[in-house]
Amino acid sequence: MSHDPFTLFERHINPGLAGLLRFTGLDRIESHAEGPYVWDTTGKRYLDFLGLYGTLNLGHRHPKVVEAVKAQLERMPMSVRVLVSEPTARLAARLAEITPEGLEMVFFGNSGAEAVEAAIKLARAYTGKPGIVTTQGGFHGKTMGALSLTPKPEYQDPAKPLLPGVKAVPYGDLEALEAAIDEETAAVIVEPIQGEGGIRVPPDGYLKGVRELTREKGVLMIADEVQTGLGRTGKLFGVDWEEVAPDLMTLAKALGGGVMPIGACVGRREVFEIFKQNPLFHSSTFGGNPLAAAAALAAIEVTLEENLPQRALEMGSYLMAGLKELKAQYPHLIEDVRGRGLMLGVEFTDADIGALVVAELAERGVITAFGLNNPKVVRLEPPLIIGKEHVDEALSAFSESLKATEKALEGLLG
């Protein structure tokens, strides 16, 4: 039997994904990482412009986060759960301080999907109603409840029947949203920018409109900030662009500082009222464990101390300008360039062209990926710590990759 890790992955974990990695030239074994760079076991260096789908806001192995986790590891890595964990309590208080006004209570899980599951349960318990309105192209996770709010047949159909009472409306369309809300609706869930949907930025005023509409109709607004949260878009939270305070907010990805997995559902005190009567209404053995909480506390401080939202704006603007120049040079390949901060997407005229560009970028040592709900879009979500030299390196590789893709297409077309 082969002991090659890629063969073992293909044989025992996911043969389909292994094939996709092979096609895009990423059938390599990762070795180590530092800042915005990753090395494989052959010694090849990659510039990470995917950032674990928006997780690595601080880059790989940020020293302050690693130090905080090491210190907690020496004391107590896991909570016994029948005593109170200090890092977990302090993290909850810190989140109450930095999230939009009125969000004071926190449930901790281990991922974005778990945070969404908690939000669904809390919304139903608080309102006594079952219905959730989501958006087409939205992505909220792949556990059963979260999957029910992620309207893509390829993910949903093999797992049906899903959670009943879910309606999907076009993203950015307030009229459609208003028509979908009825007496059975508990909540509306929305991403400030759709990530997997192809880095779709809503029209100005949309988030404020969702907030006003949900308040008027007496239903909850859930802001899914799993990918947009903690500086990615140029503000600490995506809803901050329109000064919106939702009833519930889901966080994960960057919250763990790129070192530990953690998810959080932050909400208004009254929405968490059920925990007074039923303290075990929802729970997670590992959720908000001391190691993850220590990482998150350090990640928040680094984000604020280094003013990373502002850095995301500056570097994002620089990257966007370079990508728009490439769009002007290759209008037959690139359909659109969009995004906010360092959450950018390049939409190609065809999904296969996007896949070829991802492969060409990997060949040139730049890691990217396409949106799960929109494969025509290659997303760029590098660490917020990057400098102009990293952007220049990525743009140079992008330019060469487009040139190579164009040549390959010419060869295919004869």
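Residues numbered from 1 in each chain as written. Predicted model: local features only at pLDDT ≥ 70, side-chain atom pairs only at ≥ 80, totals over all residues. Heavy atoms only, no water.

Colleague: Looking at this structure, how should I read the packing of aromatic side chains?
Modeller: Two measures describe an aromatic ring pair: the distance that separates the ring centres and the angle between the ring planes. Using the criterion set out here, one finds five aromatic pairs in the structure. For the ring pair Y37 and W39, a centre distance of 6.2 Å and an interplane angle of 50° mean the geometry is tilted. Between F139 and Y155, the aromatic rings sit 6.5 Å apart at their centres with planes inclined by 85°, giving edge-to-face as the arrangement. Remark: Y155 occurs in helix α8 (residues 153-156) and F139 occurs in the loop between β5 (131-135) and α7 (144-148); sequence separation between them is 16 residues. Cluster of aromatic residues (ring-pair linked, three or more members): F272, F275 and F281. Taking NZ or CZ as reference, K121 lies 4.9 Å from the ring centre of F281, over its face. Positioned above the aromatic ring of Y155, the side-chain terminus of K142 is 4.4 Å from the ring centre. (Phe/Tyr/Trp six-rings, centres within 6.5 Å; stacked < 30°, edge-to-face > 60°. Helix = DSSP H or I, 4+ residues; strand = E, 2+ residues; numbered from the N terminus. Lys NZ or Arg CZ within 6 Å of the ring centre and 35° of its normal.)

Colleague: Just checking my understanding: could you explain the nonpolar core for this structure?
Modeller: L95 and F398 are the most contacted members of the largest nonpolar core, which has 82 residues in total. Considering every element that reaches this core, the biggest residue donor is helix α12 (residues 290-305), with 10 residues. In terms of nonpolar packing, the next biggest core, distinct from the first, is built from 21 residues, A113, A186, A187 and L220 among them. (Core = buried A, V, L, I, M, F, W, Y, C linked by side-chain atoms within 4.5 Å. Buried < 20%, exposed > 50% of the residue type's maximum accessible area, 1.4 Å probe, protein only.)

Colleague: How should the UniProt feature "modified residue: N6-(pyridoxal phosphate)lysine" (unreviewed entry) in the chain be read in this particular structure?
Modeller: UniProt's entry tags K253 with the feature "modified residue: N6-(pyridoxal phosphate)lysine" (unreviewed entry), counted in the numbering of this structure. In this fold, K253 is placed in the loop between β9 (248-251) and β10 (263-268). Every residue in contact with K253, bar those within four places of it in the chain, is listed here: L52, Y53, G54, T55, V226, Q227 and I262. (UniProt positions renumbered as here; feature names shortened; annotations may be inferred. Contact = heavy atoms within 4.5 Å.)

Colleague: Honestly, the sheet that holds strand β13 (residues 366-367) in this entry has me stumped. Any pointers?
Modeller: Paired through their backbone hydrogen bonds, the strands of a sheet run either parallel or antiparallel. With mixed pairing, the four strands of this open sheet are ordered in space as β1-β2-β3-β13. The strands lining the two open edges of the sheet, one partner per strand, are β1 (30-34) and β13. With four bridges connecting them, β1 and strand β2 (residues 37-40) associate as antiparallel partners. Bridging across to β2, H32 finds its partner in W39. Here helix α15 (residues 388-412) sits on the sheet and contacts β2, β3 (45-48) and β13; the angle it forms with β3, its principal contact strand, is near 105°. (Pairing = 2+ DSSP bridges. Axes fitted to C-alpha atoms, helices over the stretch in contact; angles between N-to-C directions.)

Colleague: Help me understand the environment of A293 in this model?
Modeller: Position of A293 among the secondary structure elements: in helix α12. Judged by its relative accessible area of 0%, A293 falls in the buried class. Sequence separation between A293 and Q72 is 221 residues, and the spatial gap between their C-alpha atoms is 9.3 Å. Those residues within four positions of A293 in sequence are excluded, and the remaining contacts are P87, T88, L91, I262 and G288.

Colleague: For this particular structure, what's the right way to read the packing of helix α1 (residues 5-12) against helix α2 (residues 15-23)?
Modeller: Each pair of packed helices can be described by the angle between their axes along with the distance between the axes. Two elements in contact, α1 and α2, have axes whose closest approach is 6 Å; the angle formed by their N-to-C orientations is 140°. Here α1 lies oblique to α2, going by the angle between them. Residues F6, F9 and E10 of α1 pack against P15, L17, A18, L21 and R22 of α2. Here the contact of α1 with α2 is composed, by residue class, of six nonpolar, no polar and two charged. (Parallel < 35°, antiparallel > 145°, perpendicular 65-115°, else oblique. Nonpolar A, V, L, I, M, F, W, Y, C, P; charged D, E, K, R; others polar.)

Colleague: In this structure, what is going on with the pattern of salt bridges? I would like to understand it.
Modeller: A side chain of one charge can pair with a side chain of the opposite charge if their charged atoms are brought near each other. In the structure shown here, the tally under the stated rule is 23 salt bridges. Its salt-bridge partner being R45, residue E393 comes within 3.6 Å of it at the nearest N-O pair. Placement of the pair is E393 in helix α15 and R45 in strand β3, with a sequence separation of 348 residues. The exposure class assigned to E393 is partly exposed, which follows from its relative accessible area of 27%. The residue E305 makes a salt bridge to K64 at a minimum N-O spacing of 3.2 Å. Of this pair, E305 sits in helix α12 while K64 sits in helix α4 (residues 63-75), placing them 241 residues apart in sequence. A residue is classified by how much of its surface remains accessible, and E305, at 54% relative accessible area, is exposed. Beyond isolated ion pairs, a larger network of salt bridges with shared partners links E335, D336, R338, E347 and K376. (Salt bridge = Lys/Arg side-chain N within 4 Å of Asp/Glu carboxyl O.)

Colleague: Please clarify how the side chain of S79 should be interpreted in this entry.
Modeller: Looking at where S79 falls in the secondary structure, it is placed in the loop between α4 and α5 (86-98). By relative accessible area, S79 is classed as buried at 18%. From its side chain, S79 meets the backbone nitrogen of R81 in a polar contact 3.0 Å long. Among residues more than four places away in sequence, those in contact with S79 are S85 and P290. (Polar contact = N/O pair within 3.5 Å; in protein donor to acceptor, adjacent residues only side chain to side chain.)

Colleague: When you look at the UniProt feature "binding site: pyridoxal 5'-phosphate" (unreviewed entry) in the chain in this model, what are you seeing that I'm missing?
Modeller: In the numbering used here, UniProt assigns the "binding site: pyridoxal 5'-phosphate" (unreviewed entry) feature to G112, A113, F139, D224, E225, V226, Q227 and T285. Annotated residues spanning 174 residues; largest pairwise C-alpha distance 25.2 Å, indicating distribution over more than one region. Relative to the helices and strands, A113 is located in helix α6 (residues 112-127). With residues near it in sequence (within four places) discarded, A113 still touches H140, G141, K142, T143 and A146. Locating Q227 in the fold gives a position in the loop between β8 (220-224) and β9. Dropping the residues within four chain positions of it, Q227 is found in contact with Y53, G195, E196, R232, K253, M343, R379 and E381.

Colleague: What exactly am I supposed to notice about a nonpolar patch on the surface here?
Modeller: There is a patch of nonpolar side chains on the surface, built from M76, V80, V82 and L83 and spanning about 420 Å² of accessible area. Along the chain, L83 turns up in the loop between α4 and α5. (Patch = residues over 30% accessible without salt bridge, like charges linked within 9 Å, V, L, I, M, F, W, Y side chains within 5 Å. Areas by Shrake-Rupley, 256 points an atom, 1.4 Å probe, with all protein chains shown as cover.)

Colleague: How should the sheet that holds strand β14 (residues 369-371) be read in this particular structure?
Modeller: With antiparallel pairing, the four strands of this open sheet are ordered in space as β11-β12-β15-β14. The sheet is open, and its two borders are formed by β11 (334-340) and β14, each paired with just one other strand. Between one strand axis and the next, the sheet turns through 35° on average, direction left out of account. Bridge analysis of strand β12 (residues 343-348) against strand β15 (residues 374-380) gives four bridges, and the strand direction is antiparallel.

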